[in-house]
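Observations on the model geometry
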Amino acid sequence: MQTFEKDFTKVEDSVQQYVTSVHKKVLDKNPNENEFHQAVGDLLHTITPVLQKHPIYIKQNILERIVEPERFISFRVPWIDDSGNVQVNRGFRVQFNSALGPYKGGLRFHPSVNNSIIKFLGFEQIFKNALTGQPIGGGKGGSDFDPKGKSDTEIMRFCQSFMSELANHIGPDIDVPAGDIGVGAREIGYLFGQYKKMKGRYEAGVLTGKGLNFNGSLARKEATGYGTVYFLQEMLKDHNMDLRGTTVVVSGSGNVSIYAMEKAMELGAKVVACSDSDGYIYDENGINLKTVKRLKEVERTRIANYIAEHPNAVYSEDCTGIWSIPCDIALPCATQNEIDENAANNLVFNGVRAIAEGANMPCTHEAISIFLENNILFGPAKAVNAGGVAVSALEMSQNSSRVSWSFNEVDVKLKAIMRKIYHDCVEAADEYNNSGNLVAGANIAGFTKVADTMISLGVI
Ligand code: NDP
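Now for a look at the structure at hand. (Residues numbered from 1 in each chain as written. Predicted model: local features only at pLDDT ≥ 70, side-chain atom pairs only at ≥ 80, totals over all residues. Heavy atoms only, no water.)

The next point concerns the overall build of the chain. Tallying secondary structure elements over the chain gives 17 helices and 12 strands in all. Taking 460 residues into account, the globule formula puts the C-alpha radius of gyration at 23 Å, and the chain, at 21 Å, falls close to it. With respect to the three principal axes, the spread of C-alpha positions in the chain is 60 × 55 × 45 Å. Here the chain, with 460 residues, has 58% of them falling under the buried criterion. Expressed as a percentage of contacts within the chain between residues at least 6 apart in sequence, the contacts between residues at least 24 apart total 72%. Only carbon and sulfur atoms are counted for the fraction: they give 48% of the accessible area of the chain, which is about 18300 Å². Put simply, the chain has 46 plus and 54 minus side-chain charges, and the middle of one group is 7 Å from the middle of the other. (Helix = DSSP H or I, 4+ residues; strand = E, 2+ residues; numbered from the N terminus. Rg over C-alpha atoms; globule rule 2.2 N^0.38 Å. Buried < 20%, exposed > 50% of the residue type's maximum accessible area, 1.4 Å probe, protein only. Contact = heavy atoms within 4.5 Å. Areas by Shrake-Rupley, 256 points an atom, 1.4 Å probe, with all protein chains shown as cover. Lys, Arg positive; Asp, Glu negative; His and termini not counted. Charge placed at Lys NZ, Arg CZ, Asp CG, Glu CD.)

If you want it as structure tokens, here you go:
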């Protein structure tokens, strides 16, 4: 039986004291930042054996350095709505760690965005980016702006105002944002247009996730969802299982969800449910992805409208209910902490065999412990959803060399990257006597890469 904190009690007292003291400083210095505390806590408790084996990380005080962002920027974003009223939102960018390359990480536009959300996402991004093997540091940004219900011109004016400040802090060799919740190709287009106008230069590599007509990469739109399923496929194969014939539940119906569903279906799975923040649909014959794509990507409407065209499907309010649907595989692809203890128990009770986190930190600490204790295959977000940022790095390479790879070329590279990430996590877990625990494996593999590089670069 595995547990999340296996080996934690076995480590030497001095190492544990060091970890506890760093953890305490994080809690004291960042009050009320629950998501950030959660992300830091989850990492610290799995890398303790690494510190025991390599005391240089303690001597160099790597932990205290790694939990402190290199820079945190917060700024005013004033904009004018369609009625002529001045609105004000808050913008953020955290430049967390640049040991491996320019800061890299998406922008999230959602009313819940605050210091804690941005810092948890930026912290996770450091290790995720390291796992990709690409030369990218970790960053994240966004705003508490709510794009829902806004007109296209309001979105444009907001993006222009947001970029008016952000442009002072980013650049192709400095910090390269991309999309996340609420930020897709449309928003990236407006952001890039404003950056281009301000700089008077066509620096395509300043943003990724761009449209194909302005230097975007083929397969970037699909990358996070496809990558999630490539990781899952490798994890299943390693345990003599196959996606073909399985029943899958996917939360969300945004960028990550849609392309996770597409790849899972292509590989022979039946996806029976997906959701948005209002509720979920259950279609026992299998979700019609064409309808979901049109509703969400073209019409930008609610998932509830699916049942008007598919009367056999059922719509239920309260999106968290989706985890009570029996399935073989669950892919949480919406948002943080969407699977709690209760949802995890429901999934286990109903016979789930594998979970892969497409979203960032979608499972609570308690939920992860339940999966591991019940020997459910579990792929953690920083490994599973790294395909998006990996292809963003490939987009940066294409922009630098002014070439454009075919869809297939990018897809083949993505698949190889996801396979390697899976096996790197397995090996790291094995090395520290925690075989099968990919949470520990991902944290250890990502952490050691960043920590070693920080040591090479000196105390800066
Ligand atoms: P989108 O904005 O495209 O889609 C988000 C989806 O999640 C929507 O269906 C949204 O519903 C739903 N959702 C948002 N908040 C909630 C909530 N509180 N409860 C239930 N559903 C909710 O975002 P992405 O698909 O890009 O991102 C999804 C997740 O994947 C995030 O955690 C993100 O950080 C992560 N991720 C994204 C990457 C990318 O390349 N895009 C890369 C790596 C990770 P509604 O429309 O009602 O808001």
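Having seen the structure, we can now continue with the description.
A sheet is described by the order of its strands in space; here five strands give the open sequence β1-β2-β4-β3-β5, paired in mixed fashion. Each edge of the open sheet is held by one strand with a lone partner, namely β1 (71-80) and β5 (175-178). With strand direction ignored, the average angle separating the axes of adjacent strands in the sheet is 20 degrees. The pairing of strand β2 (residues 86-97) with strand β4 (residues 137-143) spans six bridges and is classified as antiparallel. Paired with phenylalanine 92 across the two strands is glycine 142, which belongs to β4. Across the sheet, helix α5 (residues 115-132) touches β1, β2, β3 (103-109) and β4, and the angle it forms with β4 is around 155 degrees. (Pairing = 2+ DSSP bridges. Axes fitted to C-alpha atoms, helices over the stretch in contact; angles between N-to-C directions.)

A few words on a nonpolar patch on the surface. Together, Ile80, Val86 and Val88 give the surface a local cluster of nonpolar side chains, amounting to about 280 Å² of exposed area. Among the structural elements, valine 86 can be located in strand β2. We classify valine 86 as exposed; its relative accessible area is 59%. (Patch = residues over 30% accessible without salt bridge, like charges linked within 9 Å, V, L, I, M, F, W, Y side chains within 5 Å. Salt bridge = Lys/Arg side-chain N within 4 Å of Asp/Glu carboxyl O.)

Quick look at unusual backbone geometry now. Non-glycine residue aspartate 318 carries a positive phi angle of around 80 degrees. Unusually for a residue other than glycine, asparagine 337 sits at a positive phi of about 55 degrees. Tracing the backbone shows asparagine 337 in the loop between β10 (329-331) and α12 (341-349). Residue asparagine 337 is classed as partly exposed on the basis of its relative accessible area, which comes to 28%.

The full set close to the ligand counts 24 residues, and Asp180, Thr224, Ser277, Arg302 and Asn360 are the nearest of them. Backbone polar atom of glycine 182 to an oxygen atom of the ligand: 3.0 Å apart, as the coordinates give it. A distance of 2.5 Å separates an oxygen atom of the ligand from a polar atom in the side chain of serine 277. Computed on the free molecule, the ligand has an accessible area of 900 Å², of which 85% lies beneath the protein chains in the complex. Put simply, the parts of the chain that give the shell around the ligand at least two residues each are α8 (220-238) and α9 (255-266). Here the residues of the shell around the ligand sort into six nonpolar, 12 polar and six charged. (Near = heavy atom within 4 Å. Polar contact = N/O pair within 3.5 Å; in protein donor to acceptor, adjacent residues only side chain to side chain. Nonpolar A, V, L, I, M, F, W, Y, C, P; charged D, E, K, R; others polar.)

This next bit is on the environment of glycine 245. By the secondary structure assignment, glycine 245 is in the loop between α8 and β6 (247-250). What makes glycine 245 exposed here is its relative accessible area of 65%. Along the sequence, glycine 245 and valine 352 sit 107 residues apart, while their C-alpha atoms lie 14 Å from each other. Here glycine 245 is in contact with Gly268, Ala269 and Asp328, once residues within four sequence places are set aside.

It is worth stressing that arrangement in space is one thing and function is another; only the former is reported here.
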